[in-house]
Every structure is written in structure tokens, then in C-alpha cells.
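So you can see what is in the structure, the chains are spelled out below.
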Amino acid sequence: MTLDVFLAALMVLDSTPPDGAGNPARREAFLRLGEFFEQTTRAGAEFDLKKTPNPVWNEIAARLDRSIAAFQTQPPDAPMTAWQLYNDGVVLTAGGWAVGLDIVPAPREFGWPEPAAQIEALADGLDMLLVTHRHHDHYDKGLVRALLKRGKPVVLPESLADQWPGFASLVPARNGQTLDLQGLGLTVRQGLHVWRDTMDELPLLYYEGVFPHGGTFLFIGDLDISQNLEKTPGRDVDVFFIPWRHPNRHFEPGHVEQTGQTVVAVRAAIERIQPRLLLYQHLAELEHVYDGFPASYDIALDLQAKIGRPSELLFWGEHIQISPR
């Protein structure tokens, strides 16, 4: 399989921007991307991700660079917009604000050069960063340090706060806390990480946010959506970010303890949150793919086809506007 297959799939995505409606051309492009990653980027394959320079990541990095430059020029009166960066990383822009959510500039395990220029560009463009938990695909210490040095707020679990002594803009967060960060309202809640049995095993916080202009979001990181999922009663949620994966062994197809289906769990979560738009996260994380896991676009595409609500998959570097109510 050649690099042209990868580039052709990206061209399809570029010519059919995301709209939440499940475009068939986008569906086929994502399936081709998943097949490409699984067949060509694992150990010993043509584009083994431990090869440097890596043409696959170089193309992705160029897309991310363009996206980072673009969100910084977003007009203040533009609708709230979600900019998808690598893995679970998202920038939400609204009313001149740029809020980062679990941003990781690049995967670290492949031995690639430090993405110093990208970190600096993100730290310059973001107004703040929210971190859900300590896993390195959600918590990038290089980016956290760059923001704190600029005096910009970084919100993260209290259990991580002692790693950053002396930074005044660090915001250690805890369950049940409400924050006002320069006009952005946040409600912080503790949740259960997917495939964990207790909350204390891996502390995770998730964030309900309200921009000064009224746009709202619920960002949950790797939360098990079948448990401990809440929002403020009576508050509308414009965009809800969920991980693609099966939330625990009781929903994993073929597991001896399976008792339900992920689509049922997602429908229940949607019923509870009532979002205007659902965005799937944690797709094709390259470290997981390299270790033999599927890219999993098919799981999110299956959910998109079945839930009957506006929802979307975004490739790294894409963005989607969330129209005002």
C-alpha cells in the first residue's frame, strides 16, 4: 500500500468538510485511513512509525501546523469551532477565546524530534489548557510548561499539581469545583476512567464549560460514559466529546463478561446530556495502532450510523463549526 492511498483519503476529507450528517464519502475515507495505518505503520512495515523522518507523520504534522495557524486567526464573531488536533486534543474557539483540551502535540514513543515549534505556537495561541488525567496521550508536560511560563491557566487534577511548584497560573482542580477563568465558567467533576474499577485507581476529571458568549461544551477525556456522567440540570450542551472505545468489559464484543452494547451506552449518555453535536475522540491513536490495536474508525462510524443524532469524526487538522442556538 503506497502513500498515495493515504493522501487520496485525506483529499476526500478535504473536499467533503464535516457537517455532522455522516457523509458516505467521508465514511469510506476513514475506513481507508484505518486500513492504511494498520497495514503500513506498524513495526517492520513500509512506514514503520519508528522510522525518522516519517512521511506519514510529516503529512499529519503539516496539517496540524495549518490548523494551529488557522485557529489563531478565527474572527471573534465566528461560531464556536472545534479544531481537532492529535488524538484526543481539541481547541475550542469562541468569542475570541481559544481553550485547549487534552492537547498532545505529537506522540512521544517513536523517537521523533521534540515538536518544539508546535509547542511554542500552541502556547502562544491558547488562552488556557484543561487536562483530564495523567496519561501521556492526554497530558503533555512540554505544552503545560510552555503555558505556565507565559502565565496562562492550566487546569489539571490536584494529584498532578505537585509536579508544577511555583507557577501562579496553575489551577489544581477537584470534584465538584466551579471555576471562573477570566469569564469562562467551568464545572469540574470526577469520573471513572474506561476499563478501571475505581476512581482512585486513575484520577480523572471532566469539564463542563460555558463561554462568555454562551457556547457550552462537555469534555470527558477517557471517561466511562456508562457511569458517573453528569451535567448541570437545565443547561444545554452544544458539543459533547466522547471516546470511541467500549467503556468497560461489560460492553466489549466477545468478552466473557459482556452484558450490553456500546451503542446502548452511547444512546443513554446522549439522553442524559442532550447535546446538539457529538464528536468522537481517541481515534487511531498511533501508539495503540503500532502495538496492534485496530484504528477503530469503524466503531465510531457504526455509532454515527445508529444513534440518530448529529455526530462527527474529525481527522487531525480538521475543524467544525457549532452553529449558535
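In the block above lies the structure referred to throughout.
Residues numbered from 1 in each chain as written. Predicted model: local features only at pLDDT ≥ 70, side-chain atom pairs only at ≥ 80, totals over all residues. Heavy atoms only, no water.

**Q** So what exactly am I meant to see when it comes to the packing of aromatic side chains here?
**A** A ring pair, where both rings are aromatic, is described by two values, the distance of the centres and the angle of the planes. By the definition in use, this model includes 17 aromatic pairs. Relative to F217, the ring of F211 lies with its centre 5.9 Å away and its plane at 50 degrees, an arrangement referred to as tilted. (Phe/Tyr/Trp six-rings, centres within 6.5 Å; stacked < 30°, edge-to-face > 60°.)

**Q** Looking at this structure, I do not really get the packing of helix α3 (residues 55-71) against helix α4 (residues 116-125). What am I missing?
**A** Put simply, α3 and α4 touch, their axes get as near as 10 Å, and they point 20 degrees apart. Taken together, the axis directions place α3 and α4 in an arrangement best described as roughly parallel. The handedness of the crossing between α3 and α4 comes out as left-handed. Every residue of α4 that contacts α3 at A61, L64, D65, I68 and F71 is listed here: Q118, A121, L122 and G125. (Axes fitted to C-alpha atoms, helices over the stretch in contact; angles between N-to-C directions. Helix = DSSP H or I, 4+ residues; strand = E, 2+ residues; numbered from the N terminus. Parallel < 35°, antiparallel > 145°, perpendicular 65-115°, else oblique. Left-handed = near helix turned anticlockwise from the far one by under 90°. Contact = heavy atoms within 4.5 Å.)

**Q** Is there a simple way to think about the sheet that holds strand β14 (residues 319-322) in this case?
**A** Pairing between sheet strands relies on hydrogen bonds along the backbone, with the strands arranged either parallel or antiparallel. Judged by pairing direction, the sheet is mixed, and its seven strands sit side by side in the order β6-β5-β4-β3-β2-β1-β14 without closing on themselves. Only two strands of the sheet have a single neighbouring strand rather than two, namely β6 (170-173) and β14. Neighbour-to-neighbour, the strand axes of this sheet turn through a mean angle of 20 degrees, independent of strand direction. Where strand β2 (residues 90-94) and strand β3 (residues 97-101) come together, five bridges link them in antiparallel fashion. Its bridge partner being in β3, V91 is matched across the sheet by G100. (Pairing = 2+ DSSP bridges.)

**Q** Explanation requested: the side chain of Q118 in the structure shown.
**A** One can find Q118 in helix α4. Setting aside anything within four residues of it in sequence, one finds Q118 in contact with A61, L64, D65, I68 and P105.

**Q** Can you walk me through the pattern of salt bridges in this structure?
**A** Proximity of charged atoms lets side chains of opposite charge pair with each other. On inspection of all chains with the given rule, the structure shows eleven salt bridges. Between R26 and E318 there is a salt bridge, with its nearest N and O atoms 2.8 Å apart. A residue pair is termed long-range when its members are at least 10 positions apart, and R26 in helix α2 (residues 24-40) and E318 in the loop between β13 (311-312) and β14 qualify at 292 residues. Accessibility assignment for this pair places R26 and E318 in one class, buried. Of the charged contacts, one joins R108 and E114 as a salt bridge, the two residues approaching to 2.5 Å between their closest N and O atoms. Overall, R108 belongs to the partly exposed group, its relative accessible area being 30%. (Salt bridge = Lys/Arg side-chain N within 4 Å of Asp/Glu carboxyl O. Buried < 20%, exposed > 50% of the residue type's maximum accessible area, 1.4 Å probe, protein only.)

**Q** Can you walk me through the environment of Y207 in this structure?
**A** Mapping Y207 onto the fold places it in strand β9 (residues 204-210). The sequence separation of Y207 and L130 amounts to 77 residues, and the corresponding C-alpha distance is 8.1 Å. The residues contacting Y207, other than those within four sequence positions of it, are L130, V131, T132, V155, L156, P157, L186, T187, V188, F217, L218 and F219. A polar side-chain atom of Y207 sits 2.6 Å from the main-chain carbonyl oxygen of V131. (Polar contact = N/O pair within 3.5 Å; in protein donor to acceptor, adjacent residues only side chain to side chain.)

**Q** Explanation requested: the sheet that holds strand β8 (residues 184-191) in the structure shown.
**A** Ordered by their spatial adjacency, seven strands build an open sheet running β7-β8-β9-β10-β11-β12-β13, and the pairing between neighbours is mixed. Two strands close off the open sheet at either side, each with one partner strand: β7 (178-181) and β13. Two elements, strand β12 (residues 275-281) and β13, share two bridges in a ladder whose sense is parallel. Note on β13: the bridge partner recorded for L279 is E312. The strands touched by helix α8 (residues 297-307) within the sheet are β12 and β13, with β12 carrying the most contacts at an inclination of about 160 degrees.

**Q** Can you walk me through the nonpolar core in this structure?
**A** One broad rule of soluble globular proteins: the nonpolar side chains tend to lie buried together. In terms of nonpolar packing, the biggest core is built from 79 residues, with F37, F240, Y297 and F315 touching the most fellow members. Ranked by the residues each element gives to this core, the list is headed by α3, at seven residues. Excluding its chain neighbours within four sequence positions, the residues that come into contact with F315 are F6, L10, L13, F30, L33, F37, I60, R63, Q84 and Y297. (Core = buried A, V, L, I, M, F, W, Y, C linked by side-chain atoms within 4.5 Å.)

**Q** Can you walk me through the pairing of β9 in this structure?
**A** Moving residue by residue along a regular strand, the side chains alternate between the two faces of the sheet. Taking burial as the measure, the seven residues of β9 include six buried ones, the bulk of the element. Inspection of the sheet shows β8 paired to β9 by seven bridges, in the antiparallel sense. Across the sheet, G185 pairs through a bridge with V210, a residue of β9. The loop that links β9 with its antiparallel partner strand β10 (residues 216-219) comprises five residues; one of these, G214, has a positive phi angle of about 110 degrees.

**Q** Any chance you could explain the pairing of β3 here in plain terms?
**A** With respect to burial, β3 is a largely interior element, five of its five residues being buried. A two-sided burial pattern is seen for β3, the buried positions comprising W97, V99 and L101 on one face and A98 and G100 on the other. What sits between β2 and β3 in their antiparallel hairpin is a turn of two residues, with G95 showing a positive phi close to 55 degrees. Pairing analysis gives three bridges linking β3 to strand β4 (residues 128-130), with the strands arranged parallel. When the bridges of β4 are listed, V99 appears paired with M128. Once the chain exits β3 it traverses α4 before rejoining the sheet at β4, and the crossover so formed is right-handed. (Right-handed = clockwise from strand over helix to strand, strands pointing away.)

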